[in-house]
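This is what each chain is made of:
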Amino acid sequence: LVEATARQLRGKARLGVITVNPTAERDADRVSRYCDQVEAVCTPRADLDAILSVLPRFNLDELDLLLMDVIAPLDGVPFFGQDVIVAVLSVAAGDDKAPLYKDLLAQANALILNKCDLQRHVMFDRGVFWADVRRINADLDLMEVSTYENKGFDRWLSWLDRRRQMKNPQYHPDVKSQTEVFFGR
C-alpha cells in the first residue's frame, strides 16, 4: 500500500517513508523508486528508539508527508508523534482480524481494507468484518483498496489531502510547506 501510495503521489507531493519490519530494507528499496527520503528500520517490533534514530536523516522541511509503515503490535500502537493512525488489514488475512487488532482499531483514525481483489478467492464475509470494526470504533473512516487493481485509491488519496487541509487550513496542493506523519499496518 505504501509503495502504491508513493507511486500515486510521485510529482504531486514530497513524500518520505520509514519502513519498520524485519525485512524493511526490501520495502524501502521498492518505495525509493518513487521518493527520495526513505529509511528502513529492520526490527520485528515498532521501537521508539529505532524510529527516532532515523528521523535525523530526513530533511523534514522538504517533505509534505512522512509515512511510517509499521507492523503494529496486538496491544496497540506506540506513539511516535504521528498526526494520524491508519490501520491496514487485508482480505487475505480473514474476516476475523478486527477483534484481534482491537487496540489498533480503537486508536486509529482510518482503516484501509487492502487486497479487496482477493475476496473472490478467499473466505471473507464483509458484513461480519465491518460489523466487528464498527463495534470497536464507530468513528473510523473506512476505505476498501486494491493496489493490484488500483481500485479505491482515489478515496485514499482524497482522505490524505483532506487530513492535510484539516491540519493546515491554509494548505494548498501547490505550496510545499507542511509535514504530517502517518502510521501504517
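What you see is a predicted model, and the numbers here were worked out from it, not measured in a lab.

Draft legend 1. Up close: the overall build of the chain. Along the chain, the regular secondary structure elements total seven helices and seven strands. Walking the chain from its N terminus toward its C terminus, one meets helices and strands in the order α-β-α-β-α-β-β-α-α-β-α-β-α-β. For the chain, the residues scored as buried account for 49% of the 185 residues in total. If you take every contact in the chain between residues at least 6 apart in sequence, the share linking residues at least 24 apart comes to 66%. When the accessible surface of the chain is summed, it comes to about 9,400 Å², and 49% of that surface belongs to carbon and sulfur atoms.

Draft legend 2. Expanded view of helix α6 (residues 126–136). Phe129, Trp130, Asp132 and Val133 are the residues of α6 that are buried. For α6, the arc enclosing every buried residue in end-on projection is 155 degrees, short of the 170-degree limit, so these residues lie on one face. Among the structural elements, β4 (84–90), α4 (97–100), α5 (102–107), β5 (110–114) and β6 (141–144) are those in contact with the buried residues of α6. Two to three positions downstream of the cap, the backbone nitrogen of glycine 127 sits 2.9 Å from a side-chain oxygen, assigning the N-cap of α6 to aspartate 125.

Draft legend 3. Molecular detail of the packing of aromatic side chains. As enumerated under the stated definition, the model contains three aromatic pairs in all. Measuring from ring centre to ring centre gives 5.3 Å for phenylalanine 124 and phenylalanine 129, while their planes differ by 45 degrees; the resulting arrangement is tilted. Accessibility assignment for this pair places phenylalanine 124 and phenylalanine 129 in one class, buried. Here the aromatic cluster, defined as three or more aromatic residues joined through ring pairs, consists of Phe124, Phe129 and Trp130.

Draft legend 4. Highlighting the side chain of serine 146. By secondary structure assignment, the location of serine 146 is in the loop between β6 and α7 (153–167). Residues contacting serine 146, with those up to four places away along its chain left out, are Asn114, Cys116, Asp117 and Lys151.

Draft legend 5. Just the pairing of strand β1 (residues 15–21), in detail. Summarising burial for β1: seven of the seven residues are buried, a large majority. Taking every second residue as pointing to the same face, both faces of β1 are buried, with Leu15, Val17, Thr19 and Asn21 on one and Gly16, Ile18 and Val20 on the other. Bridge count between β1 and strand β3 (residues 65–70): six bridges; the pairing is parallel. Across the sheet, valine 20 pairs through a bridge with valine 70, a residue of β3. Pairing geometry for β1 and strand β2 (residues 37–42), over six bridges, is parallel. What sits directly across from asparagine 21, in β2, is cysteine 42. Handedness of the crossover is the feature at issue here: the chain leaves β1, passes through helix α2 (residues 24–31), returns alongside β2, and the resulting connection is right-handed.

What counts, and where the lines are drawn
Residues numbered from 1 in each chain as written. Predicted model: local features only at pLDDT ≥ 70, side-chain atom pairs only at ≥ 80, totals over all residues. Heavy atoms only, no water. Helix = DSSP H or I, 4+ residues; strand = E, 2+ residues; numbered from the N terminus. Buried < 20%, exposed > 50% of the residue type's maximum accessible area, 1.4 Å probe, protein only. Contact = heavy atoms within 4.5 Å. Areas by Shrake-Rupley, 256 points an atom, 1.4 Å probe, with all protein chains shown as cover. Arc of directions from axis to C-beta. Polar contact = N/O pair within 3.5 Å; in protein donor to acceptor, adjacent residues only side chain to side chain. Phe/Tyr/Trp six-rings, centres within 6.5 Å; stacked < 30°, edge-to-face > 60°. Pairing = 2+ DSSP bridges. Right-handed = clockwise from strand over helix to strand, strands pointing away.

Don't take any of this as a statement about function, it's just geometry.
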